[in-house]
2 protein chains.
Amino acid sequence: MTEPQKDPLVLFMPSGRRGRFAKGTPVLDAARQLGVYIESVCGGRGICGRCQIEAQEGHFAKHGISSAADHLSGVTEAENRYSEKRVLAEGRRLSCQALVEGDLVVDVPQDVQINRQIVRKRAETRVIERDPATQLCYVEVEEPDMEKPLGDADRLLHALVKEWGFEKPRIAARLLPQIQKLLRAGEWKVTCAVYTDGRAEAGGPLVTAIFPGFHNVGCGLAVDIGSTTIAAHLTSLLSGRTMASAGAPNPQIRFGEDLMSRVSYVMMNPEGRVQMTKAVRDAIGVLIAELVQGAGITTDDVLEAVFVGNPIMHHLFLGIDPTELGGAPFALAVSDALSFEAREIGLPINDGAHVYMLPCIAGHVGADAAAVTLAEGPHRADEMTLVVDVGTNAEIVLGNKDRLVAASSPTGPAFEGAEISGGQRAAPGAIERVRIDRETLEPKIKVIGGDEWSNEEGFEKVAQDVGVTGICGSGIIEVVGEMYLAGIIDEDGVIDGSLAAKSERIQPTGRTFSYLLWRGDEAAKSQEIKILQTDIRAIQLAKAALYAGVRLLMDKLGLEQVEAIKLAGAFGSYIDPTYAMVIGLIPDCPIDKVKGVGNAAGTGARMALLNRSYRREIEEVVRRIEKIETAMEPRFQEHFVAAMAFPNKVEVFPNLAGTVTLPPRKVLGGGEDGRPRRRGGRRR
Amino acid sequence: MTEPQKDPLVLFMPSGRRGRFAKGTPVLDAARQLGVYIESVCGGRGICGRCQIEAQEGHFAKHGISSAADHLSGVTEAENRYSEKRVLAEGRRLSCQALVEGDLVVDVPQDVQINRQIVRKRAETRVIERDPATQLCYVEVEEPDMEKPLGDADRLLHALVKEWGFEKPRIAARLLPQIQKLLRAGEWKVTCAVYTDGRAEAGGPLVTAIFPGFHNVGCGLAVDIGSTTIAAHLTSLLSGRTMASAGAPNPQIRFGEDLMSRVSYVMMNPEGRVQMTKAVRDAIGVLIAELVQGAGITTDDVLEAVFVGNPIMHHLFLGIDPTELGGAPFALAVSDALSFEAREIGLPINDGAHVYMLPCIAGHVGADAAAVTLAEGPHRADEMTLVVDVGTNAEIVLGNKDRLVAASSPTGPAFEGAEISGGQRAAPGAIERVRIDRETLEPKIKVIGGDEWSNEEGFEKVAQDVGVTGICGSGIIEVVGEMYLAGIIDEDGVIDGSLAAKSERIQPTGRTFSYLLWRGDEAAKSQEIKILQTDIRAIQLAKAALYAGVRLLMDKLGLEQVEAIKLAGAFGSYIDPTYAMVIGLIPDCPIDKVKGVGNAAGTGARMALLNRSYRREIEEVVRRIEKIETAMEPRFQEHFVAAMAFPNKVEVFPNLAGTVTLPPRKVLGGGEDGRPRRRGGRRR
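Residues numbered from 1 in each chain as written. Chains lettered and ligands numbered in written order. Predicted model: local features only at pLDDT ≥ 70, side-chain atom pairs only at ≥ 80, totals over all residues.

A.B. asks: Describe the sheet that holds strand E3 (residues 52-55) of chain A, and please don't skip the residues or the numbers.
C.D. replies: All names here are of chain A. Across the sheet, five strands lie side by side as E2-E1-E7-E3-E6; this open sheet has mixed pairing. The open sheet has two free edges, formed respectively by strand E2 (18-20) and strand E6 (92-94), since each of these has just one partner strand. Strand-to-strand, the axes of this sheet are offset by a mean angle of 35 degrees, without reference to chain direction. (Pairing = 2+ DSSP bridges. Helix = DSSP H or I, 4+ residues; strand = E, 2+ residues; numbered from the N terminus. Axes fitted to C-alpha atoms, helices over the stretch in contact; angles between N-to-C directions.)

Written as structure tokens, this is what we have:
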């Protein structure tokens, strides 16, 4: 007796899930049985093209599988029809058509392309595993029958049960007046958007939109509402691809530059809340129109949206008066994640679309911080990870998979170039890099829009083209860091006036001194740019606030050291980690473990958009994050005062000291030598 | 050693549930543990007064319990405070305050009264066991705490979990902008309306409204949208009491008297559907205002609504174009029950209120028939029960707990007095009762508004006061029945002109004869009222249509006889069952088993309003009702033709024959004698 032949073994990549399937099993069915996510809109009819796979060729010794394209059944007529009309790259098969005929290693590509459209390049290219809440499902509905007088909507729901396996789907009441026309327009073939929240308490699958016939486009919106800038991404729910991105200034700026002035505006003006809610919603509406046009779709194709923002942006967007957030106890109206229909807030996307808002962590630590946490995953890490979203209000999360703490620090707008004499936003012409010669105290600079240092050939052209217009956040960090390293300022931030004798860059300015960073140049249409003593003070206040917040969280966890630092936000991405550490903005850490992570809030929003399990993940994480209200902590003041010094009055920076040559201790007006261990230091 | 003493035994009436409870257990807790429904809004604080019970006195041998009021703990301070302000009748206790101290038989009264308000009398006094979808829950919410920065909404939900045991409650997004003001206005004490659909697929408990402080009023609306009349009842969700009832003509009448003319109006007028939807919603809005004022509450106190109506009324109310219902295959847009927020259709009640629409049975058998079925419960009966809602379109359900069938028959408006020469709606002055002397053929009548027969003393005054203005539906049934019993018409409905010789009441009218029912009387401001041959024909057509529908359903179930008949609707309540049978409107049945059941559709709506399990019951029943489309059935025509005769050409009426003296068979123009058995009869 010969051993009975085993069924073919199929392994899916990149998930690595494997199983044996009878010959003749469609690859799509095999994937579903293993829980491998492959998109399909048409329900296995070979028309949507979403379920593409590729059979790998060769012997995979590790898996014991000899895979070949001809271990799949031959190309079907449906596939030929599809590839005539659309893109079906060499080697690709539709998994609903291709049947298992032998052992296979199946690659599930992440970049299924079905239209020959151009997709805009984006900086953020992270591939997010998909399991969106909204799914497009093509169904063929039974025609009405007098013998079985079920309603049209009821027969549609039956088809969703029969063809797609939904359990007790429901239909939004809003769709009922349209359903008969839609079914007849599609000749009893329609594509439904089915929303399944995933939490039992939110109910089962709900039909939120119906398109007559076969409809192969479904998108989602991921929006980060910053107090300064609103950034929005339009992403295909079917492929995960970002189809368009756009940004716009937050028009609420006209009611107040910073968050607290906007809260004040609401408190002082009876219509203030309404005006600000309208302003931000209108601006988002304009962005949506732009995105939709850019992607060549309609607003009806936008079936979901995820929003993040700090608590005040979050509340104003929802139409909630933020007054309570303006003073202790900083009570949020709602902290948990929210799901609701887009039309509740008049969002100009599909009427049935659902909005998801990530949870807020605390009164000053918002859904944006939750999104950053989701994207950077300190809760998934072994390393003690510090995640900082630097803004006018820095949001800080610290911890690892065992424990997480969070706080915010009121850093103010200094890092964005405000409150700095020569400061400006990051834009062409802004000084972003600075080096100061330790001997001559002469600076060299780089500006945004040019690659050359100011002492290199070619800078003159850059200076003429874009000008030297001011200094942006990352430039400020560097110039202050360099001034400290070059001995121009002492550890308390005082500009050493005695150096005026050595360099004409050091100049008396009123009762203090300043450092002339840029002389000005008529040809370059630029005026002189000085770093004043008040500028140094502004940076000290800002960085001390941030550091003190971080230090409180470290205290909470009993840490003397963090193991990794992630700097989120545009500012965080551009600053040089070394200088951030030199000025004592962040605690000491191995330099190669400090990373700018870009628009992590936007990434977190996209993750929540494309995969429901990320929503559950961040909701669970936020519930267990321990929140520290810095204003309540008695040691905040002490940490703040120590952090006013460069890099810090009491903390040690061994990793930093191994990277750069820190200047000998110098406190103008008489100081000690040697770096005291923390808590051993002097109080001011 | 003595036997350990057992815990006290507590028996609740009328449910009969019993259990042992430790001394000191609040009676309310004992009830909940046994699943006995006792209302409570305040959560056991002794302030809402909804949880009243009464301890029975005496020895209940059947249960082996000696119960006494002093087996409850003494009256508490909270109860004294309550009874000072509100009604707490002699012997009543608040079950949240009274503790079990010994064996008890506890009566849970159905008429808990908490205000000294006058409740209007209603005809329908059925007590409906309550388990409403919306519950009022008073909670005391923790104040905000910087250390645990949960949002106000989140703390509210925690309180609902902690104090009321809800699982994962959610809050309507719409309430978020108000929640902080409401909590502060109530000083952290609020009463929530919590809606729990009860079906897993609809999700968990949802806070739909919040009232600051303690709020002890919560009502629901039960509305029957008839094509002629809209009837609405305002019912307390807390006591089950109907607080106010009101009715109004359906203003859609101006677009078309009957259903099909309204469908035609929609088909002919582009704005027709919108106009009719607006008309009915506006009329309901006016009724709501009237009810709310009558009950002394506000629209915000109306937290739920249930609507029933025939399919066309159902669709127009929902804003659905009824055109598909105007022709085969009579496709409903939706047949299953619906739940949605009232604001979807702009209903002027609480913004968070939920609407429930009972399911439609078929394209011509609507949610009103479902409500009648729920109220009359053929599906709960052993007897083969026929339920007929007589209207311009009669809706018929037949069966028992094992099997149910349903159909509709286009009876037309004859039974409402339309299409009859002297016909009118049931109103003062309309003839509603008729008797004809078998010998003299002289009639006597009664009119609505008077108790005397026309040959009795006092009638003259009635006739002068209200007039004799026409003949209403029940009067028409009686006069035709009496004309048949008196031999004035033959079994085919032909008026016997030869009788003109015997009585001057029989008069030639054109080529046929008529019967003079009322001579007219100048003093009584009345004209003469005749029954024309065409009137008899109109009644024959109407009753034949109804009977043929019934007969088809009997065929379907293989029945020769039904065991009980319930006649719903105003008409059904006023007609005399004997005459309905004499004219062959309904099949033969023991006369005492034929009952008018009043506004059963309204009762069914109230049942669905007050108890979620009735919603599940009728949804399940409607799914298994077998639907018959009369127009599709080949035997309809045959049954219809046989049913044109009085009482029927082929059917036997043994029960009827035992009740009244049926005339000898007489077919003018040559007939047979003796009643043929069914299917043995002649065809016309």
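From this point, the discussion proceeds with the structure in view.
A.B. asks: Let's hear about helix H5 (residues 259-268) of chain A: which residues, and what values?
C.D. replies: All names here are of chain A. Regarding H5, the residues found buried are Leu259, Arg262, Val263 and Val266. Mapping the buried residues of H5 onto a view down its axis gives an arc of 100 degrees, with all of them on the same face. More than 90 degrees from the buried face of H5, the exposed residues found are Ser261 and Met268. Among the structural elements, helix H6 (272-295) and helix H7 (311-318) are those in contact with the buried residues of H5. (Buried ≥ 20, exposed ≤ 12 C-beta atoms within 10 Å, placed from the backbone. Arc of directions from axis to C-beta. Contact = placed C-beta atoms within 7 Å.)

A.B. asks: Mind laying out the relation of the copies chain A and chain B, listing which residues take part and the relevant values?
C.D. replies: Superposing chain A onto chain B requires a rotation of 180 degrees together with a translation of 0.0 Å along the rotation axis, leaving an RMSD of 0.2 Å. The relationship between the two copies is best expressed as a two-fold rotation axis. Judged by C-alpha distance, Gly203 of chain A is the residue of chain A that lies nearest the rotation axis, at 1.7 Å. (Least-squares fit on C-alpha atoms with pLDDT ≥ 70 in both.)

A.B. asks: I'd like to hear about the interface of chain A and chain B, residue by residue, with values.
C.D. replies: Facing 44 residues of chain A, the contacting portion of chain B comprises 45 residues. Elements with a minimum of two residues in the side of chain A that touches chain B: helix H3 (152-164), helix H4 (176-185) and strand E16 (338-341) of chain A. Ranked by the residues each element gives to the side of chain A that touches chain B, the list is headed by H4 of chain A, at four residues. Residues of the side of chain A that touches chain B, tallied by class, amount to 24 nonpolar, seven polar and 13 charged. (Nonpolar A, V, L, I, M, F, W, Y, C, P; charged D, E, K, R; others polar.)

A.B. asks: Please give an account of the sheet that holds strand E20 (residues 404-409) of chain B that cites residues and values.
C.D. replies: Residues and elements named next belong to chain B. The six strands are arranged E28-E27-E18-E19-E20-E29 in an open sheet whose pairing can be described as mixed. The open sheet is flanked by strand E28 (594-598) and strand E29 (626-627), the only strands paired with a single partner. Taken together, the two bridges between E20 and E29 define a ladder with parallel strand orientation. Directly across from Ala406, in E29, lies its bridge partner Lys627. Each of strand E18 (385-389), strand E19 (394-399), E20 and E29 is contacted by helix H11 (residues 533-557), which is oriented at about 160 degrees to E20, the strand it contacts most.

A.B. asks: Help me get a handle on the domain arrangement of chain A, residues and values and all.
C.D. replies: A common way to express how large an interface is: the accessible area buried when the components associate. Along its sequence, chain A is carved into domain 1 (9-107), domain 2 (134-212), domain 3 (219-357) and domain 4 (371-411 + 539-572 + 588-642). Centre-to-centre, using C-alpha coordinates, domain 1 of chain A lies 42 Å away from domain 4 of chain A. (Domains from an automatic or database assignment.)

A.B. asks: How would you explain the packing of helix H8 (residues 367-376) of chain B against helix H15 (residues 612-624) of chain B if you had to name every residue and give the values?
C.D. replies: Residues and elements named next belong to chain B. At a minimum axis distance of 10 Å, the contact between H8 and H15 shows a crossing angle of 115 degrees. For the element pair H8 / H15, the angle class is roughly perpendicular. H15 is crossed by H8, and the crossing has right-handed handedness. Each of Ala370, Thr373 and Leu374 in H8 lies in contact with H15, whose residues at this interface are Tyr614, Glu617, Ile618, Val621 and Val622. (Parallel < 35°, antiparallel > 145°, perpendicular 65-115°, else oblique. Left-handed = near helix turned anticlockwise from the far one by under 90°.)

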